[in-house]
Amino acid sequence: MIDRSAIVDYWDAAAPSFDDAPDHGLRAERTRAAWARTIGAWMPPAPAAVLDVGCGTGSLSLLLAAAGHRVTGVDLAPRMIEEAGRKAAAAGLSGRFLVGDAAGPPTGGELFDVVLARHLLWTLPDPGAALGAWVARLRPGGRLLLVEGRWGEAGQSGPPYVAGAESLPWSGGVGADQLAAAVRPLVAGLRIERLGADADLWGGPVHDERYALIARV
Ligand SMILES: C[S@@+](CC[C@H](N)C(=O)[O-])C[C@H]1O[C@@H](n2cnc3c(N)ncnc32)[C@H](O)[C@@H]1O
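What you are looking at is a predicted structure, and each value in this text was computed from that prediction instead of being measured.

### Brief notes about helix α4 (residues 59-66)
The buried fraction of α4 is high, at 7 of 8 residues. For α4, the complete set of buried residues consists of Ser59, Leu60, Ser61, Leu62, Leu63, Leu64 and Ala65. Among the structural elements, α2 (22-25), α3 (29-40), β1 (49-53), β2 (70-75), α5 (78-91) and β4 (112-118) are those in contact with the buried residues of α4. Phi turns positive one or two residues past the end of α4, at Gly68, with a value near 100 degrees.

### Structural notes on the site of the ligand
Inspection of the region around the ligand gives 21 residues, with Trp11, Gly54, Gly56, Ala102 and Arg118 positioned closest. Among the elements of the structure, α1 (4-18), α4 and β2 are those that each provide at least two residues to the shell around the ligand. When grouped by side-chain class, the residues that make up the shell around the ligand number 12 nonpolar, 6 polar and 3 charged.

### Observations concerning the sheet that holds strand β7 (residues 209-216)
Strand order in the open sheet formed by 7 strands is β3-β2-β1-β4-β5-β7-β6, with mixed pairing between adjacent strands. Each of the sheet's edge strands pairs with one partner strand only, and the pair in question is β3 (96-99) and β6 (189-194). Between one strand and the next, the sheet's axes are offset by a mean angle of 15 degrees, whatever the strand orientation. Sheet topology places strand β5 (residues 138-150) next to β7; 8 bridges connect them, and they run antiparallel. Within the sheet, the bridge partner assigned to Leu144 lies in β7 and is Ala215. Here α4 sits on the sheet in contact with β1, β2 and β4, set at roughly 175 degrees to β2.

Rules of the game
- Residues numbered from 1 in each chain as written.
- Predicted model: local features only at pLDDT ≥ 70, side-chain atom pairs only at ≥ 80, totals over all residues.
- Buried ≥ 20, exposed ≤ 12 C-beta atoms within 10 Å, placed from the backbone.
- Helix = DSSP H or I, 4+ residues; strand = E, 2+ residues; numbered from the N terminus.
- Contact = placed C-beta atoms within 7 Å.
- Near = placed C-beta within 6 Å.
- Nonpolar A, V, L, I, M, F, W, Y, C, P; charged D, E, K, R; others polar.
- Pairing = 2+ DSSP bridges.
- Axes fitted to C-alpha atoms, helices over the stretch in contact; angles between N-to-C directions.

Note that all results are geometric; they support no functional claim without further evidence.
This is how it looks when you write it as C-alpha cells:
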C-alpha cells in the first residue's frame with residue numbers, strides 16, 4: 001500500500017521544475033504546435049467542457065483553453081495546481097484548477113464533453129476504478145482521451161518514485177492493448193493512435209511505446 005501523502009510530496013517537489021521537460025512545459029513553439037495539432041484533432045468543436053485529470057502544471061489544459069474550450073484541471077498536488085493557476089493568469093486564460101483525486105474529481109455531479117488524462121494511469125492504485133469514474137463524468141457522446149505509454153527511454157532517471165510504487169498495477173506504464181482491453185467494456189467505441197514517431201511531441205526522438213486512446217461513450 002502506498003502512502004498517499006508520499007505521492008503528494010513527490011509531485012509537490014517536482015512542480016517547480018516539471019515544465020523543464022519539453023513535453024511538459026511545451027515551451028518550444030514546435031512542441032506546443034505539435035500538441036495543439038494532435039489534441040485538437042481529437043476534440044469536439046469549441047467550446048467543449050473539458051476535465052483534465054492529473055493536470056499537473058496545466059499545460060494541456062491551457063492549450064485547450066487557448067483553443068476556446070472550458071477547462072477544469074484536477075491534481076492531487078497543491079503546488080502543481082498553483083503552477084497551473086499562475087500560468088493561466090500569466091497567459092490571460094481562464095481555467096478552473098482544483099486540488100483533488102483524479103479517481104473522484106471534486107466537481108460534484110457536473111458532466112463534461114471530454115475527460116483528458118495524460119501520463120497519469122501508471123501512478124493510480126486502482127486505474128480500473130478511475131477509468132469507470134471518468135466515463136461516468138462524460139455526457140452521452142462525450143470523449144475519453146488518454147495519452148499513455150510504457151516508459152523506457154534510456155537516460156530517463158530522475159529521483160526514484162515513492163516507496164512501494166513497484167506494486168502499482170500499471171507501474172512503468174500501460175501498453176495500448178492492455179489499456180484498450182480495460183476501456184472497451186466501458187465505452188461505445190475506441191481507437192488507438194500511435195504517437196512515438198512524432199518527435200515534435202516529445203522534444204526529440206523516443207523509442208518506447210507512446211500512444212493515445214480515443215474513446216466515445
Ligand atoms: C506525469 S504527471 C502528468 C501531468 C500532466 N497530465 C501532463 O501531462 O503534463 C502526473 C500528475 O498526476 C498527478 N497525480 C498523481 N496521482 C494523482 C491522483 N490520484 N489524482 C490526481 N492527480 C494525481 C501528479 O501530481 C502529477 O501532476
